[in-house]
Amino acid sequence: MRAIIAAMILFLSLFSSISHAKLFTIDTTGISDENILNAFAILEDRINGSFSAPDINIDEYLEGFANTCPMATKGSGADYASDLSLFGVSVNMIGAAVEMENGSFMDLVGGDFEGEFRGAGINMFIFTVGMNLRLLPFEKLGPLNLNRAKLYLQAGKSNKLTGDDMDFSAQLFSVMFQYKLIDPASVAAGLFKWGGIDFTTGISSQTQNAMLNLKTPSDPITSGGAVVNMTSEIEAGIKVETTSIPFELSTYGRLFYILRPFVGVGGDLNFGSAKGIAGGSYTVNVTEPVVSSVTASVDLLGQEKNVDTFNMRWFAGVQLNIFILKIYAIVQESMSRDIMAAQVGFGAVW
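Definitions and cut-offs
Each chain carries its own residue numbering, running from 1 in the written order of its sequence. In keeping with the predicted nature of the model, local features appear solely for residues at pLDDT of at least 70, side-chain atom pairs appear and are counted solely at 80 or more, and the whole-chain, interface and lining totals rest on all residues. Note that water and hydrogens are dropped before the side-chain values are worked out from all heavy atoms of the structure. Secondary structure elements are taken from DSSP: a helix is a run of H or I of four residues or more, a strand is a run of E of two residues or more, and numbering for both begins at the N terminus. In this scheme, a residue with accessible area under 20% of its type's maximum is buried, one over 50% is exposed, and one in between is partly exposed, where area comes from a 1.4 Å probe on protein chains only. Whether two residues touch is decided by their heavy atoms; if any such pair falls within 4.5 Å, the residues are in contact. For every accessible area listed, the method is Shrake-Rupley and the probe measures 1.4 Å; residues are considered covered only by the protein chains on display. When two rings of Phe, Tyr or Trp (its six-membered ring) have centres within 6.5 Å they constitute a pair, described as stacked for plane angles under 30 degrees, edge-to-face for angles over 60, and tilted for the intermediate range. For two strands to pair, DSSP has to find at least two bridges joining them. For our purposes a nonpolar core is just a set of buried Ala, Val, Leu, Ile, Met, Phe, Trp, Tyr and Cys residues, chained together by side-chain atoms within 4.5 Å. Summary of the metric used: pLDDT quantifies the predictor's per-residue confidence within the range 0 to 100. A carboxyl oxygen of Asp or Glu within 4 Å of a side-chain nitrogen of Lys or Arg is what we treat as a salt bridge. Polar contact is the term for a pair of N or O atoms within 3.5 Å; when the atoms are in protein, one must be able to donate a hydrogen and the other to accept it, and sequence-neighboring residues count only if both atoms are side-chain atoms.

Novice: Explain the overall build of the chain to me, please; I cannot follow it from the model alone.
Specialist: On a plain count of helices and strands, the chain comes out with four helices and 19 strands. For the chain, buried positions account for 47% of its 350 residues. Sequence separation of 24 or more characterises 73% of the internal contacts of the chain that already satisfy a separation of 6 or more. Counting only carbon and sulfur atoms, one obtains 60% of the accessible surface of the chain, whose full area is about 16000 Å².

So, in structure tokens, the structure goes:
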């Protein structure tokens, strides 16, 4: 978790890869004192220097964040390993996705990652409610037998996950439909069971916003007899808005009534983008030789990168069932990009 948030902070601190001569500028109109002008120049250089990252490709990072945002939610919107005969509820405690090169997900979790981050997505505390459509007062809907169908509704919102230096929020809403294509089969009086094959589709909408507070120099800037300072923090951020339509095939096995491993493959139609957001006006104070103030501004032009329209992925997981209770973990990997994702949650099924 901390490593993924660190990756996001890394990205936000690298907005300077946008090729501008000066991102932070001070309006010196009407100022003629050379010492004050020189102090302003020093302050500009220090703040602009904190943005500098010439080796980072901003388009690559925006694209990475656009594609990891929907992957961070995959696997939480439906149940792949339960015999849902009536209804069920679950809470996805955390979902995370990272795009990285020359590294593995386990290296990242263990803190030994030495590759290159290209994007990250996080979702926490997502609530899902599912029901077997056989509860409806009719058995068929067109060619569909509702005894073989399940419907899931999912919603979640996370706020300020990272403390004072960074404000992060994520939202998700999805509707998923699951249909049993091939019936289950069991042996040894049900001790071992194959769950058949399920087809799952639907639509999900997710947003992810992160604002990083970049601190200005803590000590006043001096030049000759001039002293200037700036106490405001500068905000830079990223906003991701995507919509995803998945098409999945999955199956599971039941071992000794408790353990349920499952696997699947999916393809996603994705729409949306990641956009850089930063800017605003700030006050710079001159305390010597005379008390006054001037206006400074930050202009990080809002660059934007679209999510890949189509993504192929595989997923696998395990679910532990204890009577009606379930605890699950699932991993996902994109076949189209270097994205890994994981979900962990629990719930109850009737």
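Picking up after the structure, the text goes on.
Novice: How do you make sense of the environment of G253 when you look at a structure like this?
Specialist: Along the chain, G253 falls in strand β13 (residues 234-255). Overall, the relative accessible area of 16% leaves G253 in the buried class. A sequence separation of 69 residues divides G253 from P184, and the C-alpha atoms of the two residues are 9.3 Å apart. Aside from chain neighbours lying at most four places away, what touches G253 is K193, L259, R260 and P261.

Novice: Help me understand the packing of aromatic side chains, please; the structure alone is not making it clear to me.
Specialist: Applying the stated criterion across every chain yields a total of five aromatic pairs. Between the aromatic rings of Y80 and F315, the centroid separation amounts to 4.9 Å while the plane-to-plane angle is 50°, which identifies the pairing as tilted. Taken as a pair, Y80 in the loop between α3 (58-71) and β2 (87-101) and F315 in strand β17 (residues 310-322) lie far apart in primary sequence, 235 residues in all. Under the relative-accessibility criterion, Y80 is labelled buried at 4%. The exposure class of F315 is buried, given its relative accessible area of 1%. Consider the rings of F177 and Y179, whose centres lie 6.3 Å apart with planes at 20°: the pair is stacked. Taken together, Y80, F262 and F315 form an aromatic cluster joined through their ring pairs.

Novice: Any chance you could explain the environment of N209 here in plain terms?
Specialist: You can see N209 is positioned in strand β10 (residues 197-214). Taking the C-alpha atoms as reference, N209 lies 9.7 Å from I277; in sequence the two are 68 residues apart. With residues up to four places along the chain from it excluded, the contact list for N209 reads D167, F168, S169, I238 and K239.

Novice: Is there a simple way to explain the pairing of strand β12 (residues 226-229) in this structure?
Specialist: Consecutive side chains of a regular strand alternate in pointing toward one face of the sheet and then the other. Residue alternation in β12 divides its side chains into two sets, A226 and V228 and V227 and N229, and both sets are buried. Alignment of strand β11 (residues 221-223) against β12, held across three bridges, turns out to be antiparallel. When the sheet's bridge partners are listed, I221 is paired in β12 with V228.

Novice: It is not clear to me how the nonpolar core should be interpreted in this structure. Could you clarify?
Specialist: Here is a general trend for soluble globular proteins: nonpolar side chains tend to be buried in one another's company. Judged by nonpolar contacts, the single largest core of 15 residues is most densely connected at I26, F40, L43, V228, M230 and V284. Looking at this core, the elements with two or more residues in it are α2 (34-50), β12 and β14 (259-288). Per-element accounting of this core gives the leading share, five residues, to α2. L62, C69, I238 and V240 belong to the second largest nonpolar core, which has 14 residues in total.

Novice: Got a minute to help me understand the confidence of the model for the chain in this structure?
Specialist: Note: predicted coordinates in regions of low pLDDT should not be interpreted at a detailed level. Looking at the chain, pLDDT values average 81 and 77% of them are 70 or higher. Element-level pLDDT for the chain is lowest in helix α1 (residues 2-12), with a mean of 46, against a maximum mean of 96 in β17. Segment residues 1-21 is flagged for pLDDT under 50; beyond a separation of four residues in sequence, or across chains, it makes 64 contacts in the model. Confidence over residues 52-56 falls short of pLDDT 50; this stretch has seven contacts with residues more than four positions distant or in other chains.

Novice: Any chance you could explain the pattern of salt bridges here in plain terms?
Specialist: Any two side chains of opposite charge can pair, so long as their charged atoms come close to each other. Applying the stated rule across the entire model yields 13 salt bridges. A salt bridge links D79 to K326; the nearest nitrogen and oxygen atoms lie 2.5 Å apart. Taken together, the positions of D79 in the loop between α3 and β2 and K326 in strand β18 (residues 325-334) put the pair 247 residues apart, joining distant regions of the chain. Two residues, E248 and R313, come together in a salt bridge whose shortest N-O distance is 2.6 Å. Here E248 is found in strand β13, whereas its partner R313 is found in strand β17, with 65 residues between them in sequence. Residues E248 and R313 agree in their burial class; the two are buried. In this structure, a network of salt bridges that share partners links the residues E63, E99, D308 and R337.

Novice: Teacher, can you tell me more about the pairing of β17 here?
Specialist: Only one face of β17 is buried, namely the one carrying N311, R313, F315, G317, Q319 and N321, since none of F310, M312, W314, A316, V318, L320 and I322 on the opposite face is buried. The sheet contact formed by β17 and β18 spans 10 bridges and is antiparallel. Paired with A316 across the two strands is V331, which belongs to β18. The turn linking β17 back onto β18 is made up of two residues, and F323 within it adopts a positive phi angle of 60°.

Novice: Help me out: how do you make sense of the side chain of K180 in this one?
Specialist: Tracing the backbone through its elements, the reader meets K180 in strand β7 (residues 166-182). With a relative accessible area of 11%, K180 lands in the buried category. From its side chain, K180 meets the backbone oxygen of G195 in a polar contact 2.7 Å long. At 3.1 Å, the side chain of K180 and the side chain of D198 are in polar contact. Not counting residues within four places of it along the chain, the set of residues in contact with K180 comprises R148, G195, I197, D198 and Y252.

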